[in-house]
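Structural features, examined
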Amino acid sequence: MTAGELTETEAEDLLRCICFKTGPPRTVGVELEWLVHDLHQPRLPVPHDRLRSAYAALRALPVRTPLTVEPGGQLELSSLPAASLMECISTVSADLMTVRGALKERGLTLVGLGQEPRHPPRRMLREARYDAMEARFDRTGPAGRAMMCSSASVQVCLDAGYEEPGPLGFGRRWLMAHLLGAVLVAAFANSPFQQGRSTGWRSVRQANWSAIDPVCALAPPLHAPPRASWAAHVLDAPVMCVRSDHGPWSAPPGLTFRQWLRTKAPRPPTRTDLDYHLTTLFPPVRPRGHLELRMIDAQPGDDGWTVPLAVTTALFDDPEAAELAYRTVKPLAERTGSQPAPRNPLWRAAAHDGLADPELREAAMACFAAALGALPRLGATRDVQDRVADFTDRYVARGRCPADDTPSPAAPKDLRP
């Protein structure tokens, strides 16, 4: 990265080059966010000092998966790119076992829910970035703080795909991600409660994401070529903040990155500023050289996260399953209307109704069947195949999702870890 001044043409060229790096789909990754609760008293919020002490100990563990902390104290494990689905699952599973053991020694546990069900948002990290983000999101209501401090997800990362058209071409994969994404929201919805109350949503996490900001959480238009559409979306998005060495980070209201490039005020932007601006956009599918699918709620159980990872990888990286999935979800485009994901009617139905929506249930059945057929071809173990089959039988075939099994925060029984 250079520190020199950036022009509008250079910015457009960079965005086209760095966000969609094409080639054979070879690698897979996953980012797992977890809520952290007291092992014995999950109804009580964990003091931040206790979390900081625990996380300091985790950083000394011999794990290969990088560990980071989200603004509210959620713990994230972000895998390195793996050469296969099973390599990704094996590495992250081993590291998770180590992390869980270390947390258990401190009376803490990882909890797989898309949204903190009991407590209001509490920010643990006090950094200029999060100060600016909070100020920005507060302009549109409380959803931003809920997203920053109280949400958790399973984010699947896949290669963009081939330059050429076809089931593994990046244009097809980009479009399918935004249609299949609604099916994944519905099938894996796992956040019906917030601040101790039933919300009426299967995924209140997704409802919060769609409400955090008028632009930064939205997908770009899908009718244009992906590179051009994404580049325009990034440049026309408001700047969250202009970083500085002194004082709080802020930006003139309504200043887009394109306007910043043209006016060069309050200072000329650089390549580093563009890279940073990209990190302040939170669409459901984010191109970062690879495709980052961000719409799946955190899942219950020690290995519940492996099911959305396996299903999504199979539907994107196996050519036969990819073709079946695309044919299945393509008709769902008729329900998107003129609104981008995640604010359009299709995505809102997925978040609110889950697989109780008949059309989403039918699409999920076809997609999960295609994934099950593809997993042996991708080298998935029998154990992983069985987890996907069990999830299909328990939820998809019955028009249900994990949210339908989540006990009320007011219930005597503790939430599932």
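Description of the structure in this document. (Residues numbered from 1 in each chain as written. Predicted model: local features only at pLDDT ≥ 70, side-chain atom pairs only at ≥ 80, totals over all residues. Heavy atoms only, no water.)

1. Things to note about the overall build of the protein chain
For the record, the criterion: Starting at the N terminus, helices and strands are each numbered in turn, a helix being any DSSP run of H or I of at least four residues and a strand any DSSP run of E of at least two. We compute the radius of gyration from the C-alpha atoms alone; for a globule the expected value is 2.2 Å times N to the 0.38, where N is the number of residues. With a 1.4 Å probe rolled over the protein chains alone, any residue whose accessible area is under 20% of its type maximum counts as buried; one over 50% counts as exposed, and the rest are partly exposed. Any pair of residues with heavy atoms lying within 4.5 Å of one another is described as a contacting pair. To be clear on the numbers: accessible area is Shrake-Rupley with a 1.4 Å probe, and residue cover counts the displayed protein chains and nothing else.
Scanning the protein chain from N- to C-terminus turns up 15 helices and 9 strands. At 21 Å, the protein chain has a C-alpha radius of gyration in line with the 22 Å of a compact globule built from 417 residues. Each principal axis of the C-alpha distribution contributes one length, and for the protein chain these read about 55 × 50 × 40 Å. Residues counted as buried form 57% of the 417 residues belonging to the protein chain. For the protein chain, the share of sequence-separated contacts (at least 6 apart) that also reach a separation of at least 24 residues comes to 76%. Here the protein chain displays about 16600 Å² of accessible surface, and carbon together with sulfur accounts for 54% of that area.

2. Some points on the side chain of S78
Note the cut-off: Whenever a nitrogen or oxygen atom comes within 3.5 Å of another N or O atom, the pair is scored as a polar contact, on the condition that within protein one atom can donate a hydrogen and the other can accept it, and that pairs from neighbouring residues in sequence are kept only if both atoms are in side chains.
If you trace the backbone, S78 turns up in strand 3 (residues 75-78). Among the polar contacts made by the side chain of S78, one reaches the side chain of E76 at a distance of 2.8 Å. Setting aside its immediate chain neighbours within four residues, S78 contacts V30, E31, T65 and P66.

3. Here's the deal with unusual backbone geometry
Between A265 and the following residue, P266, the backbone shows a cis peptide bond with an omega angle of 15°. Counting through the fold element by element, P266 comes out in the loop between helix 9 (257-263) and helix 10 (271-279). Cis geometry is adopted by the peptide bond preceding P342, which originates at A341 and carries an omega value of 0°. Here P342 lies in the loop between helix 12 (319-329) and helix 13 (345-353). Here the phi dihedral of Q195 falls at roughly 50°; this positive angle occurs in a residue that is not glycine.

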